[in-house]
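# Residue-level structural notes
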Number of protein chains: 2
Amino acid sequence: MPLNSDPIGFAHHDHATCVTDAVASVEARCIAAGLQFTPVRKRVLEILLEEHRALGAYEILDRLRDEGLGSQPPVAYRALDFLTKHDFVHKIERLNAFIACAHPHEVHTPAFLICRDCNAVAEAETNLTQGRLAKIASATGFIIERAILEAEGLCPNCIPKSEPA
Amino acid sequence: MPLNSDPIGFAHHDHATCVTDAVASVEARCIAAGLQFTPVRKRVLEILLEEHRALGAYEILDRLRDEGLGSQPPVAYRALDFLTKHDFVHKIERLNAFIACAHPHEVHTPAFLICRDCNAVAEAETNLTQGRLAKIASATGFIIERAILEAEGLCPNCIPKSEPA
DNA sequence: TTGATATATGTCATAATATAACATATCAAC
DNA sequence: GTTGATATGTTATATTATGACATATATCAA
Ligand SMILES: [Zn+2]
Ligand SMILES: [Zn+2]
Ligand SMILES: [Zn+2]
Ligand SMILES: [Zn+2]
C-alpha cells in the first residue's frame, strides 16, 4: 500500500499549525462543557491529528506505551471512548480504526470516503435530517439517532494508478 | 434486550415460505452465474434466513458445529465471504454481524436501520449514484465502489418503551 | 477417462480487536 | 477534609478474524 501523504480531503495542506489549533479548540470546548481533557486523552487526540489518518487502537496504544503514558488496551480504548463520544474523534467502522475529526464545530454527522488503495480517509459533513436514510426512516417510523456513512473506492491520487491510460 | 420478533422492516410477515423461496432464488442465481452453492454455503444462508436477524460469525459457526457441518472459524468465514461477495448476505459493520439480503435482485446498495433496543435490522435499498455521498465524491474526484449506510436508533416497536407517554 | 487446474474444505494455530472486573488514584463539590 | 464521582493502572479474558497448509472435490481439456 502506498504512503498516505495527503489525507485531508485527499489534498495537501499546511500541517504546521493544524494540530495545535485543533487541540486548542478541543481543549476550549472541554473547558466550556466541563469535560476533563486529561493528558492521555489529549495525547491520543494529538497522535491522531499528527498522523492525519485512521489508526487502530493498538497502533495508538503502541505510541502511548513508547511515551510511558499507558501500556494496557483499556487505556487506549477509554481515551478513544471519551473522544468519540464527544465527536472529537470518529471511528471508521469499516477499518476498525479511529481518525481525528476534521470539522471544527459541535455536532455533525460525518461521512467518510475511504481509499482502498492508499487507505486515506476524507471526512465530509452531512445532515442527519436530510437525505434518503432520513426519508426511509420517517416512512418506517424509525428514529435515527446516529448514522454511519462510509464509502469505499479510489481517491483522486490513486485513480491514475488503477486506471492506466 | 427484548426479543426481536419482526425484523423485516420491523413489521410481521409470513415466514412460512420466505426461507425456501429465498434459498431457491439464490440457488437459481448461482446456477446461472456458474457459482458453487455448496452445502455449507446453503446452510449458512438458511440459518440467516430462518433467524431473520443479524448473527455473528461465531453464532453461525455454533449452529454448523451442532449440525456436523464444520467446527472451525474458517468454515463459517469462508461461507460468509462467498455469500457477502455476491450480495446474498450483507455484513452489518456496526454489529460485526451478518444478515441475509432482503432483496430479490442482483446488484444494490443496501442501507440498514438498526434498533439499539431490540437489535432488529431492516434493509432498505438505495442507489449508489444518487444522494449526497455521490455528490461529495464527484466533487472530490473520488470513485465510490461500495457504500456502507447504517443508521442506529429506535424501531417503531421500541419507541413506545423508550418514550413513555 | 484421465490428468491438469482451479476451487472448496478440514484443521491447527495465531492475529487483531475489544471488554470485564477490580484496585487505586485523582478530581469536584460540599 | 470528607465524600461521591470520575479517571487510571492492571490482570485477565472475550470476541472477531485470518494465515497456512494438507486434503478433497469440481471443472475442463485432451
Ligand atoms: Zn467530524
Ligand atoms: Zn488513495
Ligand atoms: Zn440486500
Ligand atoms: Zn426495536
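Residues numbered from 1 in each chain as written. Chains lettered and ligands numbered in written order. Predicted model: local features only at pLDDT ≥ 70, side-chain atom pairs only at ≥ 80, totals over all residues. Heavy atoms only, no water.

### Let's talk about the protein's contact with DNA strand C
Surveying the vicinity of DNA strand C reveals 16 residues, the closest of which are Tyr58, Tyr77 and Lys91 of chain A together with Thr38 and Arg78 of chain B. The sugar-phosphate portion of DNA strand C accounts for 44% of its atoms within 4 Å of the protein, the bases making up the rest. Contact between DNA strand C and Lys91 of chain A: a phosphate oxygen at 2.5 Å from a side-chain N or O atom of the residue. Arg78 of chain B is positioned such that a nitrogen or oxygen atom in its side chain is 2.5 Å from a base oxygen of DNA strand C. Of all the elements in the fold, those that place two or more residues in the surface near DNA strand C are helix 4 (73-85) of chain A together with helix 4 (73-85) of chain B. For the surface near DNA strand C, the residue count by class is seven nonpolar, five polar and four charged. (Near = heavy atom within 4 Å. Polar contact = N/O pair within 3.5 Å; in protein donor to acceptor, adjacent residues only side chain to side chain. Helix = DSSP H or I, 4+ residues; strand = E, 2+ residues; numbered from the N terminus. Nonpolar A, V, L, I, M, F, W, Y, C, P; charged D, E, K, R; others polar.)

### Describing the confidence of the model for chain A
Taken over all residues, the pLDDT of chain A has a mean of 89, while the share at 70 or more is 92%. Ignoring residues within four places in sequence, the model shows residues 1-7 of chain A, a span with pLDDT below 50, making 20 contacts including any to other chains. (pLDDT = per-residue confidence, 0-100. Contact = heavy atoms within 4.5 Å.)

### A look at the packing of helix 1 (residues 18-33) of chain B against helix 2 (residues 39-51) of chain B
Residues and elements named next belong to chain B. Their axes nearest at 10 Å, the elements helix 1 and helix 2 cross at an angle of 145°. Classified by chirality, the crossing of helix 2 by helix 1 is right-handed. Two secondary-structure elements touch here, helix 1 through Val19, Ala22, Val23, Val26 and Glu27 and helix 2 through Lys42, Leu45, Glu46, Leu49 and Glu50. Classifying every residue of the contact of helix 1 with helix 2 by side-chain character gives six nonpolar, no polar and four charged. (Axes fitted to C-alpha atoms, helices over the stretch in contact; angles between N-to-C directions. Left-handed = near helix turned anticlockwise from the far one by under 90°.)

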